[in-house]
Amino acid sequence: MRRYLLLSLILAAGLLLAAGDVGGQKVGGKLVIAQGTDAESVDPINFTASPTASIMEHIIQTLVRLDVEEVRGELQTTPKGVLAESWSVSADGKAWIFNLRKGIKFHDGTDLDAGAVKLSLERALHPDCAAPFRGAVLGRLTYSPALLTTGAVANKNAIVWRANVLSGPAGNDVSVALTAGASLGVSVSGSAITVTAPAGTTAGAVIKAVNEHAAANKLLWATNAAGSDGSGAVEAVAATKLSGFATSVGAPDANTVSISLASPFAPLLQHMAHTAAAIVSAKRVRDAVAAAPPCGKGLQDRVDGTGPFMLKEWRRGERMVLAKNPNYYEKDAAGRTLPYLDELEWRVIPDDAARMIELERGTVQVAVRVPPLDVARLQRDPNIALDFTTSVRTIYIGMNVRDRIPDREGGAANPLANRLVRQALNLCVDKEAIVRTIMGGQARVSDAPIVPQVFGYSKVGPYPFDPARAAALLREAGVTLPLRLKFHHPRGRYVRDVQVAQAVQAMLGTCRVEVELIPMEFVSFLALINKAPSDAEHQLYLLGWGTITLDADYGLYSLYHSSQWPPGPFNRGYYKNDRADTLLQQGREESDPAKRRAIYADAMRVIWDDAPWIYSHSESQITGIRKNVKGADVHVTERLILWKTWLD
């Protein structure tokens, strides 16, 4: 039975330290880590990728973390307290209580309390904040800001007025009035907002005026209603209060957080250990929201958490430096304050070869994603140790499956909307060859959308390499050959991602599918594919997904449920199947493990047959570590855990 340390942030004292290690750790120094991509953000509501989370988890923390152990090939989780020292759940599974640790301070010197937890979670849930992980991680928590809708979609003047995240239940006291006037203007008196507008003023102009008015922003934010483009003229509205505030998150006292659910959610604790549920300083949130409404996007550049390190310097595209938190609360087994290191530096080196050269020179002490073909050479270096850790990440080539690209009037017909074409592309790609030659055997051909170690996995594939069958399917689909497609992919994000993309291009070419490769820097790549279908221009795209909660809900709902289309969430191919939607929702609501397994098996069969991805492989993590680095933990979820690390 293999033992792992999971997430999310603080390890119980002494967990990494064997009895003989106590007293041998050295304090001070800087550890330099090389990875292929920069962080996207340090804001828990404004990131999507594990390289970002690996850094953030040294700055911000969650209520709980998960210990993980492998039992008969499946990773099983046990929740442990981080910011929460204990918790309980009602017999019906719908009411949770978390008791916070006392005496913990944020980096800005303010105290951790239930109000800060409540504000962080509600900010992540607020619809105007568009947090990418909102549905995937916190979607079972109810949160509705007070709101009001004026106008009508049919008249293209429908406006949604939503209370600011800081308003809470007081948002129900905010009122809005639209009146005739000689010029467009906004005034605020207490909680009352009045907009004066000349005849013919469009809803779009009103929205702009309100959202640029500092006093109004402290109360609410205005947007076009779904289906309305704001081009219609507004009409008079008598002063009307917003209404409907509701939340699952309560703070009955300073040290207690309550979460109420409409129905049980089996993996709640796993989700609360996700970086997207991390807690940040309430003072920092309030200041950021005041400066950049509606959600304080300035937090993406600087955040105050409770973690062992604080952000010191960030040169985007080059490096991020974290400094030791002198007031960190955790002690090691000998009673000494953590962390041991003074600084951590993450250095951005996208090129695999360059990253390995820096490791061999000793200019970096840790390098992630060692190319499998470099393993033998690095193993001969007496100063380097290689860590081989399993991964829960699936690598895939996603396909935009909408009828048109972009999916609006005038968009080009999309051959990938045809299931037969998608199945054919899967049959054109020799995944065994990719694993054997490009990945050096350090990977596994995908036979399901999630890996075997995740709860809910069942084998539904793989798609075999069968060019003859692929050709027959393309003929049946009636596509004109050669079929020409564009394929966007990142550079340096995944193990040998460029080479995998090139191999897929060549293999598809043998089926008369001509693919144009478009390599991109990872953060820019994410921006490209994180668009609404009406704006999306991508066809094929290479991505990976790590099911870091180790539960099928996170690995399937996030990527295949139709509620998870961008912008924001992660169904970036815009896949929709009503049967799959129903099954994935049932899997969230069912509490019996055996029934959940059966539900997910059915869901994966439906999804696999629809073939919204080219299913490639699951990675193995290979990390290069200089031998003078002690106590570093490479986690199964692709996180480096370094607050109990020291330099010998």
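Draft legend 1. Spotlight on the state of the cysteines. Per the stated rule, a full pass over the model turns up two disulfides. Covalent S-S linkage joins Cys129 and Cys295, the inter-sulfur distance amounting to 1.9 Å. Linking Cys129 and Cys295, the disulfide has an S-S dihedral of approximately -95° and is accordingly described as left-handed. Taken together, the residues span a long stretch of sequence, with Cys129 in the loop between helix 2 (114-125) and helix 3 (134-138) and Cys295 in the loop between helix 7 (282-291) and strand 18 (309-315) at a distance of 166 residues. For Cys129, a relative accessible area of 0% corresponds to the buried category. According to the relative accessible area criterion, Cys295 is buried, its value standing at 1%. Linked covalently through their sulfurs, Cys428 and Cys511 form a disulfide whose S-S length is 2.2 Å. Here the S-S torsion is close to -120°, and the disulfide linking Cys428 with Cys511 is therefore left-handed. Residue Cys428 is located in helix 10 (residues 419-428), and its partner Cys511 is located in the loop between helix 13 (497-509) and strand 27 (513-520); the two are separated by 83 residues in the primary sequence. Each disulfide in the protein chain links cysteines that, numbered along the sequence, combine into the pattern 1-2, 3-4.

Draft legend 2. Structural context of the sheet that holds strand 9 (residues 159-163). Overall, antiparallel pairing links the three strands, which are arranged 8-9-13 in an open sheet. At either end of the open sheet lies a strand with only one pairing partner, and these are strand 8 (147-150) and strand 13 (220-224). Strand after strand, the sheet turns through a mean of 20° between neighbouring axes, direction not considered. Packed onto the sheet, helix 4 (residues 203-211) meets strand 9 and strand 13 and runs at close to 155° relative to strand 13.

Draft legend 3. Geometry of helix 12 (residues 467-477). Looking at helix 12, one finds that the buried residues are Ala470, Leu473, Leu474 and Ala477. When helix 12 is viewed along its axis, its buried side chains cluster within an angular range of 100° and face the same direction. The outward face of helix 12, more than 90 degrees from its buried face, is lined by the exposed residues Ala468, Arg475 and Glu476. On the buried face of helix 12, the contacting elements are helix 10 and strand 27. Within two residues after helix 12, Gly478 carries a phi angle of roughly 75°, on the positive side.

Parameters and conventions
- Residues numbered from 1 in each chain as written.
- Predicted model: local features only at pLDDT ≥ 70, side-chain atom pairs only at ≥ 80, totals over all residues.
- Heavy atoms only, no water.
- Disulfide = S-S within 2.5 Å.
- Helix = DSSP H or I, 4+ residues; strand = E, 2+ residues; numbered from the N terminus.
- Buried < 20%, exposed > 50% of the residue type's maximum accessible area, 1.4 Å probe, protein only.
- Pairing = 2+ DSSP bridges.
- Axes fitted to C-alpha atoms, helices over the stretch in contact; angles between N-to-C directions.
- Contact = heavy atoms within 4.5 Å.
- Arc of directions from axis to C-beta.

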